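Analysis of the macromolecular model
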Amino acid sequence: MEKKDYYETLGVTREASQDDIKKAFRQLARKYHPDLNKGSTAAEEKFKEINVAYQVLSDPQKKAEYDQVGHAAFKPGDFSGYQTPSYDDLFRDFGLGDIFDVFSTGSGRQRSRAGADLRYDIEISLTDAFYGTKNTLEVPHFYECGTCHGTGGQPGFMRDCPTCKGTGEVRQVQRSGQRQVMTIAPCPDCGGRGKIIGKPCETCHGRGSIRKTRRIDVSIPRGVEDGRFLRIAGEGEPGSNGGSPGDLYLVIHIRKHPVFERHGDDLYSTTVIGLGTALLGGEITVPTITGTASLTIPPGSQSHTLFRLRGQGMPYLNSDNRSDLLVRVVVKIPEKLTKKQEQLVKEAFAGVK
């Protein structure tokens, strides 16, 4: 039976952030956890399924492997030691802040935030796509300012917000009969930071980050197609307040080749043959992406006929097996004939319409 896609299991898209993945898992865990569904085998199996999906997608390395090759990245026994954690143990691991998020509209405390994902477009040749290639990218990143450590304020000129007293949040208690309701919201004066900037940082000019170019070595696999992307985990923008960095998505563009056109993994080319070869047949030499190959033209071949050379196309992604080369032959008709050639043609094709 085909395994269900982990993203589909958690109900998130492939572009979902770690916070989105974590939130989706929490919601499903509250619905299917065996402690809340006593005696339900279906709920227990469902919980095991979402837990395995979360183990993979919440781990940057496992997630990167899964994005590349799917379920083939893991052996059948990788998750065999699974034991269902108790409901209390599970949500104790997530921490009070995560549980609080589910039941409240928000809090003014500065939480960790994952960094933004980055996109980088790169152009390679068809030959590079055939053999695979290694490239060094120079990707601009924004890093936390070393002077102000991301606060945006010059050291010594930061003070507690007088409105929230440095907590970053304001609380309001409302009474309705015997009930008391407390609402918590980010402080409107400091934006939830808890601090007021008295003077902007002289290094980053108050932005809290500085722009630097980072060199990253990447390997592009053989057989990669135009428009495909490679996900490089952890090479996006850095997170804030201890949050995990985002990812870098490398989008591949393949330059047009002067001889070959690519359709899927097959290559196509066009070669011209003479009228004599088309009529009588023969052996011709055609270019391939790795050199040349012999092609047999049978007698009576028509112009624009496609001939297939098996195993002379592009390699399948990360494989030694190759697709095919399809050669379209175009018959060249002489523009002028000598008197002798005209007579021979008339005699050869007498009575042929």
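Preceding this paragraph is the structure being described.
So, a few notes on the structure that sits alongside this text. Keep in mind it's a predicted model, so treat the numbers as computed, not measured.

On to the sheet that holds strand β10 (residues 261-263). A sheet is described by the order of its strands in space; here four strands give the open sequence β10-β11-β15-β14, paired in mixed fashion. Unpaired on one side and paired on the other, β10 and β14 (305-309) mark the two borders of the sheet. Adjacent strand axes in the sheet meet at a mean angle of 35° when their direction is disregarded. Summarising the sheet, β10 and strand β11 (residues 266-274) pair through three bridges and their orientation is antiparallel. Looking at the pairing, E261 lines up with Y268 of β11.

The subject of this paragraph is the packing of aromatic side chains. Evaluation of the coordinates by the stated rule reveals six aromatic pairs. Measuring from centroid to centroid gives 6.3 Å for F25 and F47, while their planes differ by 40°, and the two rings are tilted. Taken as a pair, F25 in helix α2 (residues 18-32) and F47 in helix α3 (residues 41-57) lie far apart in primary sequence, 22 residues in all. For F25, a relative accessible area of 1% gives the class buried. Between F25 and Y54 the ring centres are 4.3 Å apart and the planes differ by 10°, which places this aromatic pair in the stacked class. Of this pair, F25 sits in helix α2 while Y54 sits in helix α3; the two residues are 29 residues apart in sequence, bridging distant segments of the chain. Each of the two residues, F25 as well as Y54, counts as buried. Three or more aromatic residues joined by ring pairs make a cluster, and in this case those are Y6, Y7 and Y66.

Time to look at helix α4 (residues 60-69). Helical periodicity: at 3.6 residues per turn, an α-helix aligns residues three or four positions apart in one direction. Within the span of α4, buried status applies to K63, A64 and Y66. Projection of α4 onto a plane perpendicular to its axis shows the buried side chains occupying an angular sector of 165°, all on one side. Exposed and facing more than 90 degrees away from the buried side of α4 are Q61 and V69. Among the structural elements, α1 (6-10), α2, α3 and β8 (229-232) are those in contact with the buried residues of α4. Regarding α4, its N-cap is D59, as a side-chain oxygen of that residue lies 2.9 Å from the backbone nitrogen of Q61 further along. Following α4 by one or two positions, G70 has its phi on the positive side, about 70°.

Bringing a nonpolar patch on the surface into the picture now. The grouping of L275, L279, L280, I333, L337, V345 and F349 at the surface amounts to a nonpolar patch, some 630 Å² of accessible area in total. Tallying contributions element by element places helix α8 (residues 275-280) first for the nonpolar patch, with three residues. Mapping I333 onto the fold places it in the loop between β15 (325-332) and α9 (339-348).

So, about the sheet that holds strand β9 (residues 248-254). Strand order in the open sheet formed by three strands is β1-β9-β8, and the pairing between neighbours is mixed. Each edge of the open sheet is held by one strand with a lone partner, namely β1 (118-124) and β8. Sheet twist, expressed as the mean angle between neighbouring strand axes with direction ignored, is 25°. Bridging between β8 and β9 involves four bridges; their strand directions are antiparallel. Across the sheet, the residue bridging to R231 is Y249, located in β9.

Ranked by internal contacts, the top residues of the largest apolar core, which has 35 residues, are I124, I252 and L295. Aside from chain neighbours lying at most four places away, what touches L295 is G282, E283, I284, V286, F307, L309 and V327. By size, the runner-up hydrophobic cluster in this structure holds 19 residues, among which are Y6, I21, Y54 and Y66.

Attention now goes to the pattern of salt bridges. If charged atoms from side chains of opposite charge come close, those side chains can pair. Evaluated as defined, the whole model comprises 17 salt bridges. K63 serves as the salt-bridge partner of D67, at 3.6 Å between the closest nitrogen and oxygen. In this pair, D67 and K63 both sit in helix α4, four residues apart, roughly one turn of the helix. On the basis of relative accessible area, K63 is assigned to the buried category, the value being 2%. The salt bridge involving R215 is made with E138; its shortest N-O contact spans 2.8 Å. With R215 in strand β7 (residues 209-220) and E138 in strand β2 (residues 133-144), the pair connects residues that are 77 residues apart, well separated along the chain. Among the residues examined, R215 registers a relative accessible area of 58% and is labelled exposed. Members of the salt-bridge network, linked through shared partners, are D5, R14, K63, D67, R231 and D247.

Cut-offs used in this document
Residues numbered from 1 in each chain as written. Predicted model: local features only at pLDDT ≥ 70, side-chain atom pairs only at ≥ 80, totals over all residues. Heavy atoms only, no water. Pairing = 2+ DSSP bridges. Helix = DSSP H or I, 4+ residues; strand = E, 2+ residues; numbered from the N terminus. Axes fitted to C-alpha atoms, helices over the stretch in contact; angles between N-to-C directions. Phe/Tyr/Trp six-rings, centres within 6.5 Å; stacked < 30°, edge-to-face > 60°. Buried < 20%, exposed > 50% of the residue type's maximum accessible area, 1.4 Å probe, protein only. Arc of directions from axis to C-beta. Contact = heavy atoms within 4.5 Å. Polar contact = N/O pair within 3.5 Å; in protein donor to acceptor, adjacent residues only side chain to side chain. Patch = residues over 30% accessible without salt bridge, like charges linked within 9 Å, V, L, I, M, F, W, Y side chains within 5 Å. Areas by Shrake-Rupley, 256 points an atom, 1.4 Å probe, with all protein chains shown as cover. Salt bridge = Lys/Arg side-chain N within 4 Å of Asp/Glu carboxyl O. Core = buried A, V, L, I, M, F, W, Y, C linked by side-chain atoms within 4.5 Å.

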